[in-house]
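Examining the three-dimensional arrangement
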Amino acid sequence: MEILFDNPLANMYGAYFLLFYAVTIFSTIVALVIIKRLLDRSDKMPSPPIPTRIDPYQIAYLRGSTNEMVRSVVFALTQKELLEIENDLIKRKTSENPLPNLSNLELIALEWFGASREVKEIFGANGLVQQLQPFADSYKQTLEQQQLLSDAQLQGSFAVFKWLAAALIAGLGFYKTVAALANGRFNIIFLIIFGVIGLILVFVFGKMPRLTKLGNYYLERLQLAFESLKAKSQYMYQRPETAQNAARTTFAGVDPLLLTVGVFGGGILAGTMYDNYNQAFQKSQQANASSSGSGCGGACGSCSSSDNGGSSCSSGGSSCSSGCGGGCGGCGG
């Protein structure tokens, strides 16, 4: 048993061991990042063609999960003059005209609003996000089959390596702590700090990106393909008098502004006649931020996934860094 605490590793001088520990942590994190990229082989597959009949809600889900899909649905109902936004309230407009042709997704959303709802209710308990979750699950299944999203198998495979990395860092730190105490050395505060930092890094870099390599590439293709449409649709909706003409213009049967909201997010509405849509979500975000102390409230703007597994939210001119929770108007879900 003496060899457990009487060996070169156990007797290594503190400063040297900390250097060794730091190198071990760094090497483990680098290996974890490399393994994460190697496990995702979706880039070997051909990219799906851009469909002739585009579903803007599916594209919104691909870009930012359930919350972004819901935001696109709310905008579509607003654009079809079925809902109107007043400050932080979304009200159903009364009309004697029959309802336009709506999808099941839009019908359920319209029914949920009833007479009126606060914006923050959309992302709360029993909110619209929860009501539309079955549609999001259907989109998720389809996109996973196309290998545009990381599926459970890919995430499970990577989770094995993540926990092995965590076990290595924690185990090495724990062993050296026990060895130091057994040898009468109690200056272990830096050892504990290094171990905690190492574990934090494992869980930061140990997240499989929501979008696969193929998913990121496909989304970039969509955004590149519709870049000119985004500029055109924004221009058409700059003034109310041009909106009537713009509303008759469709791309593959979809209003160009709704399509670009799905592809790029609600931030593109800034400066258009639908700018109050963004303002309503910004007010809800600020209210949540002031009450919770967080800069990423229950209704962040648009959300996009990044290669490192994080996400970013933006709404108009404001932004919040990675880590937007499920209540963010774009992340999570």
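Above this note sits the structure.
Residues numbered from 1 in each chain as written. Predicted model: local features only at pLDDT ≥ 70, side-chain atom pairs only at ≥ 80, totals over all residues. Heavy atoms only, no water.

This brings us to the nonpolar core. By size, the foremost hydrophobic cluster in this structure holds 55 residues, and its most contacted members are Met-69, Ile-122 and Leu-128. In terms of residues, this core owes the most to one element, helix 3 (residues 56-79), which gives 11 residues. Excluding anything up to four places from it in sequence, Met-69 contacts Tyr-57, Ala-60, Tyr-61, Leu-105, Leu-132, Ala-136 and Tyr-139. Counting residues in hydrophobic clusters, the runner-up holds 15 residues, among them Leu-18, Ala-166, Leu-191 and Val-202. (Core = buried A, V, L, I, M, F, W, Y, C linked by side-chain atoms within 4.5 Å. Buried < 20%, exposed > 50% of the residue type's maximum accessible area, 1.4 Å probe, protein only. Helix = DSSP H or I, 4+ residues; strand = E, 2+ residues; numbered from the N terminus. Contact = heavy atoms within 4.5 Å.)

Further remarks concern the sheet that holds strand 1 (residues 83-86). The strands that make up a sheet pair up through hydrogen bonds in the backbone, lying either parallel or antiparallel. With respect to topology, 3 strands assemble into an open sheet ordered 1-2-3, the strand pairing being antiparallel. If you trace the sheet from one side to the other, it starts and ends with strand 1 and strand 3 (116-118), each paired once. Taking the axes of each pair of neighbouring strands and ignoring which way they run, one obtains an average angle of 20° across the sheet. Two strands pair when backbone bridges link them, and strand 1 and strand 2 (residues 89-92) are joined in this way by 4 bridges, in the antiparallel orientation. Residue pairing in the sheet places Glu-86 in a bridge with Leu-89 of strand 2. Docked against the sheet, helix 4 (residues 104-113) engages strand 1, strand 2 and strand 3, running at close to 85° with respect to strand 3. (Pairing = 2+ DSSP bridges. Axes fitted to C-alpha atoms, helices over the stretch in contact; angles between N-to-C directions.)

Between its first and last C-alpha atoms helix 8 (residues 152-182) spans 43 Å; for 31 residues at 1.5 Å apiece the expected length is 45 Å, and the two agree. All of the buried residues in helix 8 are Leu-154, Phe-158, Lys-162, Ala-165, Ala-166, Ile-169, Leu-172, Gly-173, Lys-176, Thr-177, Ala-179 and Ala-180. Positive phi appears at Gly-184, one or two residues downstream of helix 8, with a value of about 80°. (Expected span 1.5 Å × (residues − 1).)

This part covers the side chain of Asp-40. The residue Asp-40 is located in the loop between helix 2 (14-39) and helix 3 in this model. This buried residue, Asp-40, is left without a salt bridge; Lys-213 holds the nearest opposite charge, at 5.4 Å. Looking at Asp-40, its side chain comes within polar contact range of the side chain of Ser-42, at 2.7 Å. (Lys, Arg positive; Asp, Glu negative; His and termini not counted. Salt bridge = Lys/Arg side-chain N within 4 Å of Asp/Glu carboxyl O. Polar contact = N/O pair within 3.5 Å; in protein donor to acceptor, adjacent residues only side chain to side chain.)

This part covers the pattern of salt bridges. Enumeration over the complete set of coordinates arrives at 8 salt bridges. Between Glu-68 and Arg-63 there is a salt bridge whose closest N-O contact spans 2.5 Å. The buried category is assigned to Arg-63, whose relative accessible area is 2%. Its salt-bridge partner being Lys-91, residue Glu-86 comes within 3.0 Å of it at the nearest N-O pair. Looking at Lys-91, the relative accessible area reads 26%, which means it is partly exposed.

A word on the packing of helix 3 against helix 13 (residues 256-264). Geometry of a packed helix pair, given as the angle between the helix axes and the separation of the axes. The interhelical angle for the contact between helix 3 and helix 13, taken along N-to-C directions, is 150°, at an axis separation of 8 Å. By the criterion of interaxial angle, the relationship of helix 3 to helix 13 is roughly antiparallel. The crossing of helix 3 and helix 13 is right-handed. Of the residues in helix 13, those touching helix 3 at Pro-56, Tyr-57, Ile-59, Ala-60, Arg-63, Ser-72, Phe-75, Ala-76 and Gln-79 are Leu-257, Leu-258, Leu-259, Val-261, Gly-262, Val-263 and Phe-264. In terms of residue class, the contact of helix 3 with helix 13 is built from 12 nonpolar, 3 polar and 1 charged. (Parallel < 35°, antiparallel > 145°, perpendicular 65-115°, else oblique. Left-handed = near helix turned anticlockwise from the far one by under 90°. Nonpolar A, V, L, I, M, F, W, Y, C, P; charged D, E, K, R; others polar.)

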